[in-house]
Amino acid sequence: MKRIILTVIFVILFGWISYTMLYNGFSGVKNMSIQTYNGSFEDIEPVTNPKIITTVTGILNRANKITHTQYKIAVEPTYKIKLVYKDTKEVLYVHEGFDTNETLISSDSRDHYFKINQNQTDSIVQLLSK
């Protein structure tokens, strides 16, 4: 009986730790749009396709979250992505070429950064630019 209880506790603990490590909080997105950094979102039709939104949020949720670090970036972002949730909006700033084969993503409403590789960046840009 003790073995079963310990196994259940271990599985729950392992699942909770995995969830907190692999989830960055990008859920409940109703629509999203991408624009060059200097462009305006007013001219863009937002993406509402659930498959595309799920794919992009999946990439963002699997991104490497960087906390307790503050970057001073000398160049402007390449793109900005507007995420519209049920009650709020968020703008992500995409800094391509941050490091070799890496892209840095910052947010206007979060205190941490995210890193993704160039293939993931290309996928996001391609999906949202259609």
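Source: prediction; values computed, not measured.

Draft legend 1. Inspection of the overall build of the chain at higher detail. Helix and strand content of the chain: 3 helices and 6 strands. In the chain, the succession of helices and strands from N to C terminus is α-β-α-β-β-β-β-β-α. Projecting the C-alpha coordinates of the chain onto the three principal axes gives extents of approximately 65 × 35 × 25 Å. By residue count, 37% of the 130 residues in the chain fall in the buried class. Counting only contacts in the chain whose residues sit at least 6 apart along the sequence, the fraction spanning at least 24 positions is 55%.

Draft legend 2. Structural detail: the confidence of the model for the chain. For the chain, the mean per-residue pLDDT works out to 87, and 95% of the residues sit at or above 70. Mean pLDDT across the elements of the chain ranges from a minimum in helix α1 (residues 2–22), with 77, to a maximum in strand β3 (residues 79–85), with 94.

Draft legend 3. View of the packing of aromatic side chains. With the rule as written, the count across this model stands at 4 aromatic pairs. In textbook terms, an aromatic cluster arises when at least three aromatic residues are bridged by ring pairs, as seen for Tyr71, Phe98 and Tyr113. The ring of Phe26 carries the charged tip of Arg110 above its face, separated from the ring centre by 4.1 Å.

Reading guide: rules and limits
Counting restarts for each chain, with residues numbered from 1 along the sequence as it is written. Selection of residues for local features in this predicted model requires a pLDDT of at least 70, selection of side-chain atom pairs for listing and counting requires 80 or more, and totals for whole chains, interfaces and linings are taken over all residues. Working from all heavy atoms in the structure, the side-chain values ignore hydrogens and water. Helix numbers and strand numbers start at the N terminus; a helix is a DSSP run of H or I with at least 4 residues, a strand a run of E with at least 2. Think of it in three bands: with a 1.4 Å probe and only protein chains considered, a residue is buried below 20% of the maximum accessible area for its type, exposed above 50%, and partly exposed in between. Contacts are assigned to residue pairs that have any heavy atoms within 4.5 Å of one another. Per residue, pLDDT measures the predictor's confidence, with a range of 0 to 100. In this scheme Phe, Tyr and Trp rings, the latter by its six-membered ring, pair at centre separations within 6.5 Å, and the angle between planes marks the pair as stacked below 30 degrees, edge-to-face above 60, and tilted otherwise. Any Lys NZ or Arg CZ found within 6 Å of a ring centre and within 35 degrees of that ring's normal is scored as a charge over the ring.

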